[in-house]
Amino acid sequence: MELFELKHLMTPTLKPITYAYLETTNYCNLDCSFCNRKDVIGPLKHMPLDQWVELLEKIKHHPIKEAKLMGMGEPFLHPKFDEICRLWKEYFPDSFLIVATNCQYKFTQKIERAFQHIDLVYFSIDGYKESYERDRSPAKWSKLMTFLEGFKEVNRGRSRVTCNYVVNPDNIQDIQTIYDEIVVPYGLEELRLNIAQCWEEGGSMDDSYSEEQLAYLRDNWQENIKGKSEWDFNKCFWPQEGLYTTVEGRVLMCALNTEAKSFGNIFEQDLDDIRNSLDYQAVKHGCETNCPTKHCQTCSYKQLVPILNKLGVHNEVSEASRQS
């Protein structure tokens, strides 16, 4: 598309941001098989609290309804994560705050304090014992159990807690076991099943599920599977109302293409200027017209649609249920 033509096609006004996905640390204690963290992160960093406040000041006028404080790191490794969460709720008291954790550490008072400000916590548990340790290396099943035993004794505060299970062809057989031995005994609210996606530009999803595996998921776990089977690029909320920032402040379009070049830096530029830039608007226009740019052409959310159709999944996206 010619530059002159694009300038005249750009939407003149920006919608306010209603969904934020904010990374406050890129430190992680795992090297998961499905994560491209090593390919995209810069120098290891915990965001300082003064910089966190600076970010919040820059977005405080937006009517953010839902936020996820996570990214390419383990959120609870941030030494001040309880303060990170408290400050978020101070700025956005009516927002729904979600945090995911890999549960590979001891449950401390700092974590318990953070729970007082988080609305929903995902315990990321994919597979049972051997398959869990395989896909989340160097995670240990024993560490997970120690974490869960500590979790039983704490005050959950406002937090709802669910098990978030990333499904791949090699761990389907463990789903029932996780439900029976983790979700029920530890009082978790739900077993959320997310079909494994690819977060790399130009990458593709693993679609090697057998018909027997698809039938098993459809017949036994259909209501637990997240995502939408009726979806196209013009339904993508990210370019319209979403915000993704890394710990350095780089602004990306979404959580599904973390290898993409950033559109700017929220600590160095005005956010509206970033969102109004030609590169950003080109991606936005491509989604609006169902003519995706290179940025979105291999979107794993789009690749997910045929699998979800086979599984008969027809969810609607709502607060606390957006696919990330």
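Given the structure is predicted, the values throughout are model-derived calculations rather than measurements.

1. A few points about the side chain of R275
Now for step 1: Topologically, R275 is positioned in helix α11 (residues 271-275).
Now for step 2: D272 provides the closest opposite charge to the buried, salt-bridge-free R275, at an N-O distance of 4.5 Å.
Now for step 3: Polar side-chain contacts of R275 include one of 3.0 Å to the backbone oxygen of Q240.
Now for step 4: When near neighbours in sequence (up to four residues on either side) are disregarded, R275 contacts L14, K15, I17, H62, P239, Q240, E241, Y280 and Q281.

2. Looking at unusual backbone geometry
Now for step 1: In this chain, S137 is followed by P138 through a cis amide linkage whose omega measures 0 degrees.
Now for step 2: Take P138: it is sitting in the loop between α6 (130-135) and α7 (141-152).
Now for step 3: Even without a glycine there, the phi angle at N290 is positive, about 55 degrees.
Now for step 4: Inspection of the secondary structure assignment puts N290 in the loop between α12 (278-288) and α13 (300-311).

3. Details of empty space enclosed by the protein
Gaps left between atoms are located by rolling a probe of water-molecule size over the structure's atoms.
Now for step 1: Counted by the stated rule, this structure contains 2 cavities of 30 Å³ or more.
Now for step 2: Here the second largest cavity is characterised by a volume of approximately 70 Å³.

4. Digging into the nonpolar core
Now for step 1: Counting residues in hydrophobic clusters, the biggest one holds 99 residues, and the most contacted among them are W52, I59, L69, W88, F123 and I178.
Now for step 2: Here this core takes 6 residues from α13, the largest share from any one element.
Now for step 3: Non-local contacts of F123, meaning those with residues more than four positions away in its chain, are made with T101, C103, F115, F147, L148, F151, V161, T162, C163, N164 and L188.

5. Observations regarding the sheet that holds strand β2 (residues 66-68)
Now for step 1: Taken in spatial order, the 8 strands line up as β6-β5-β4-β3-β2-β1-β7-β8 in an open sheet, and their pairing is mixed. In this open sheet, the two edge strands, each paired with only one partner strand, are β6 (191-195) and β8 (251-252).

6. Examining helix α9 (residues 211-221)
Now for step 1: Taken residue by residue, α9 has Q213, L214, L217 and W221 as its buried positions. When α9 is viewed along its axis, its buried side chains cluster within an angular range of 100 degrees and face the same direction. Away from the buried face of α9 by more than 90 degrees, exposed residues E211, E212 and D219 are located.
Now for step 2: The inward-facing, buried residues of α9 abut β5 (160-167), α8 (175-183), β6 and α13.

7. Notes on the packing of α8 against α9
Now for step 1: Where α8 contacts α9, the two axes come as close as 12 Å, and the packing angle between them is 35 degrees. Where α8 abuts α9, its residues I175, Q176 and Y179 lie against Y216, L217 and W221.
Now for step 2: For the contact of α8 with α9, the per-class residue count stands at 5 nonpolar, 1 polar and no charged.

Conventions used here
- Residues numbered from 1 in each chain as written.
- Predicted model: local features only at pLDDT ≥ 70, side-chain atom pairs only at ≥ 80, totals over all residues.
- Heavy atoms only, no water.
- Helix = DSSP H or I, 4+ residues; strand = E, 2+ residues; numbered from the N terminus.
- Buried < 20%, exposed > 50% of the residue type's maximum accessible area, 1.4 Å probe, protein only.
- Lys, Arg positive; Asp, Glu negative; His and termini not counted.
- Salt bridge = Lys/Arg side-chain N within 4 Å of Asp/Glu carboxyl O.
- Polar contact = N/O pair within 3.5 Å; in protein donor to acceptor, adjacent residues only side chain to side chain.
- Contact = heavy atoms within 4.5 Å.
- 1 Å grid on protein atoms, 1.4 Å probe; cavity = no way out; pocket = protein on both sides within 12 Å on 5 of 7 lines; lining within 4 Å.
- Points joined across faces, edges and corners; volume = space filled by probe spheres on them.
- Core = buried A, V, L, I, M, F, W, Y, C linked by side-chain atoms within 4.5 Å.
- Pairing = 2+ DSSP bridges.
- Arc of directions from axis to C-beta.
- Axes fitted to C-alpha atoms, helices over the stretch in contact; angles between N-to-C directions.
- Nonpolar A, V, L, I, M, F, W, Y, C, P; charged D, E, K, R; others polar.

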